[in-house]
Amino acid sequence: MRLVAAALTLALLVPAVPAEATYRPPSYDPAASVDPLIGSQRDGTTWPGAVRPFGMISWSPTSTRGDQTSTGAANGYQYDVTRVRGFSLTHLSGAGCNPGAAGDIPILPYVGTVDSSPTADTKDAKYASNFSHANEKAVPGRYTVTLDSGVKTDLAVTTRAGVGEFTFPADQTPNLLFRTSNSLNGSEDAEITIDPSGRKVTGSVLTGAFCGRRANGGVNNRKTYYRLYFTASFDQPVVANGTWKNGDLAAGSTHTTGGEGYATGADRAGRGSGGYVTFAPGAKVRMQLGISYVSLAGAEQNLRTEVRRSATVDRIAAEGYAAWQRELRAIDITGGTAAQRTTFYTALYHVLLQPNIFNDVDGRYLGADLKIHRLARGQKAQYGTFSGWDQYRAHIQLLALLTPDVAGDFAQSMYQFAQQNKGVWDRWLHNNGPTHVMTGDPAAPTLATFAAMGVRNFDVRGAFESLAEQARVQNADAENDGGCPGQCTGQRPALDNYLAHQYAPQDACHCWGGAAETLENSLADYSLAQWGQRLGADVQDLKARGSWWKNTFDPAVGYQRARRSDGTWEPNFTPSTQTGFAQGSSATYTWMVPQDVSGLAALMDGKAVERLDAFFHDENGNWAVKGGSAVRYDPTNEPGLHAPWLYNGLGVPWKTQATTREIVDTVYGTGPAGLPGNDDLGTLSAWYIYAAIGLFPQTAGRAELLVGSPLFPKVELRRSNGVRITVEAPATSDTNQYVAALRLNGRPRTESWLPESFTTHGGRIDLQMGAAPTTWGTAPIDR
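Bear in mind that the values here come from a model prediction, so they are computed numbers and not experimental data.

Chemist: Could you clarify how one ought to interpret the sheet that holds strand 24 (residues 428–430) in this entry?
Modeler: Sheets are built from strands that pair by backbone hydrogen bonding, the pairs being arranged parallel or antiparallel. Read from one edge of the open sheet, 3 strands run 23-24-25, paired in antiparallel fashion. A strand with exactly one partner marks an edge of an open sheet, and here the two such strands are strand 23 (386–387) and strand 25 (433–434). The pairing of strand 24 with strand 25 spans 2 bridges and is antiparallel. Among the inter-strand pairings, leucine 429 is bridged to a residue of strand 25, identified as proline 434.

What follows is the structure, given as structure tokens:
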């Protein structure tokens, strides 16, 4: 057990041990350290299937607990649920609500006679199969499992297509069931066409409804916003086929349609459509498959372009593995244990799963207006899906740092979706669809951070002006309560009211929580002001609004607190309250002022360090960083992820070093339970990457990096734009976790942060590490 000695005085601070000889990076394969099963337990909500970096297709199991209208876990997979009803073609990684989204077109290899409608099997008693983890293997780009039915399923993918090989028992009848309507949240419609002589199945599903079952706003969000098309062909003759709709099976039929709706349980059970193909007994079937959000012709072209007719799972998997090797080599680490390398590279793997490429190979994509568009001039890809409230606190910064080319196309994609959505930038995009989930205006800090970190390949001025207008001019949906509190429609809810009060009134904000909305908007406006200054725009109003977080800080209690339109505070306050907040307590949100740490400290009357200590420790001084208490740090959710790094701004960076190292060592790990909670499209994983390399973005809209405690003796980052960053800490260890001295490009530096130029132009830092806290970075001038 490691304890922070909160009462240590500077008199006890001792120099660090001398630096050891520089380590040489080992020669090993980073992809071999990835375990896709990490996060598939303890509500990490990841999945283990086959996928390429930023891939459109992600072929992974859809599990069942005996309810065909639900799933075993969010996003279709949880480690302790070992029964599947198909292998679906699309997934979100780490999205928090069950059943999440997507999970489109589950395909089940089934042994036996198809003699009833699979949709009528509402309990998944017949048309599903158990499996054992002993018969399951997942590596980057490939997923393999042998079901208890005896069928071996082997899947590999390209960006928009895939190859599956299904080996059936020799003495049984093999089938493939296409559950076209059975997306995780249901569907508005679906259709399937079977061409037996051509050995081909095509179809589509019309769906959407991200988080459609949420109690707070779910009914409002049960809506359609995309159609996914697929085409599948087989190397074996089809000897029988049929379709089903609801409870009716039609043997020999080649076409049917029908959706399930977006309800659940008895309101949806027994509805839906699909089809099946049967092969000769004992067949080994190779299926090649392509998808598209544009058209069936687009799916065909994606398949032809990315998969040769002779391609096997082995070949596609080898190419996919090589693609992952290239992406993961963006960061080279030296030293560490095998477990630490597995945790690190799996976290990086999860970071690079999204955003998802959304355009076909010909550059066409489905817009937010449900019309077909083409890539902008110079744009290499249109990316879909943005978990804004989550991602802007760590994931987007790492995306910008490692892959600024992808970040730029992502920014352009978001701008184009906003233009197609009446100028509104939605908080949470699923593919192209605005879902309105969460609170605040996360697109503003996201793109402002991209601009600060050197991302250039998007319409920088056009995007800024669009976001600034939304921050200044109330849009038509700002007074709409539809979907509230969890999925309120407006980008800047009740903006005129917010501007008049200079905070979001709890009783009239049309938002999830007034105090949280105020904090989120303050940071968004601060980031926009930083961005606008770079462009020479007049942003004095936005700059002033960056301090409005003070208007919901109640000095009488010393915490952020929900406030009403008449200026009075919400009654019955306790630090654990969630009244006025979104997925977090006042105790957590009170620290959500990374843009003004000194201002927050001033309001805390000199007790900020003492209070932050209590946020990370229990009453006895023991670490309390694993979550479970509303008044202490929660590593499973985003509002407080930056809090361990606030010590740098408070003049005690050694406490940042001790705290982040404790979290890295005890909260994250290997195995299915290796993530502390919902990964939220790679956000918790991104936090781990930053903490393990000993750096963290200071605040949204800027590019400075705070210095922490590197886990590895040497880390080399290769930005896709050619910039190189090196962190050397040869003596680092669980014992030597404190920074005694730092050299930036060979020159001593006493500040506990690194300048923007380090991020944008690269460089090298060398850290002298020791076994006890030091005075490095503690002087007021160094904060």
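Chemist: Can you help me understand helix 5 (residues 395–402) in this one?
Modeler: Taken across its 8 residues, helix 5 has 8 buried, putting it largely inside the fold. Three or more residues of helix 5 are buried, namely His395, Ile396, Gln397, Leu398, Leu399, Ala400, Leu401 and Leu402.

Chemist: Even after reading the chapter, I still don't get the packing of aromatic side chains, so can you show me in this structure?
Modeler: When we look at a pair of aromatic rings, we describe it by the centre distance and by the angle of the planes. Scanning all chains against the criterion turns up 33 aromatic pairs. Judged by centre distance (6.5 Å) and plane angle (55°), the rings of phenylalanine 410 and phenylalanine 450 are tilted. Here phenylalanine 450 lies in helix 7 (residues 443–452) and phenylalanine 410 lies in helix 6 (residues 404–419), a separation of 40 residues in the sequence. Above the plane of the ring of tryptophan 389 lies arginine 393, whose end atom (NZ or CZ) is 4.8 Å from the centre. The ring of tryptophan 569 has arginine 563 sitting right over it, with the charged end atom 4.9 Å from the ring centre.

Chemist: What am I meant to see in the confidence of the model for the chain here?
Modeler: Detailed reading of the predicted coordinates is not advisable wherever pLDDT falls low. In the predicted model, the chain carries a mean pLDDT of 94, and 95% of its residues have values of at least 70. Considering only residues more than four positions removed or in separate chains, one finds that residues 1–26, a stretch of pLDDT under 50, has 53 contacts.

Chemist: Hey, could you run me through the nonpolar core in this one?
Modeler: Generally speaking, nonpolar side chains in soluble globular proteins are found buried as a group. Ranked by size, the top nonpolar core spans 196 residues in total, and within it Leu176, Phe178, Trp531 and Trp687 carry the most contacts. Beyond its immediate chain neighbours, meaning those up to four positions away, tryptophan 531 contacts Leu447, Ala448, Ala451, Phe458, Val460, Ala463, Phe464 and Leu467. Counting residues in hydrophobic clusters, the runner-up holds 9 residues, among them Ala156, Ala161, Val313 and Ala317.

Chemist: What is the right way to look at the pairing of strand 3 (residues 83–88) in this model?
Modeler: A regular strand carries its side chains on alternate faces of the sheet. Of all 6 residues making up strand 3, 6 are buried, and the element is well covered by its neighbours. Two strands pair when backbone bridges link them, and strand 2 (residues 58–63) and strand 3 are joined in this way by 4 bridges, in the antiparallel orientation. Across the sheet, the residue bridging to proline 61 is phenylalanine 87, located in strand 3. Two strands pair when backbone bridges link them, and strand 3 and strand 5 (residues 129–139) are joined in this way by 2 bridges, in the antiparallel orientation. For valine 84, the partnering residue across the bridge sits in strand 5 and is serine 129.

Parameters and conventions
Residues numbered from 1 in each chain as written. Predicted model: local features only at pLDDT ≥ 70, side-chain atom pairs only at ≥ 80, totals over all residues. Heavy atoms only, no water. Pairing = 2+ DSSP bridges. Helix = DSSP H or I, 4+ residues; strand = E, 2+ residues; numbered from the N terminus. Buried < 20%, exposed > 50% of the residue type's maximum accessible area, 1.4 Å probe, protein only. Phe/Tyr/Trp six-rings, centres within 6.5 Å; stacked < 30°, edge-to-face > 60°. Lys NZ or Arg CZ within 6 Å of the ring centre and 35° of its normal. pLDDT = per-residue confidence, 0-100. Contact = heavy atoms within 4.5 Å. Core = buried A, V, L, I, M, F, W, Y, C linked by side-chain atoms within 4.5 Å.

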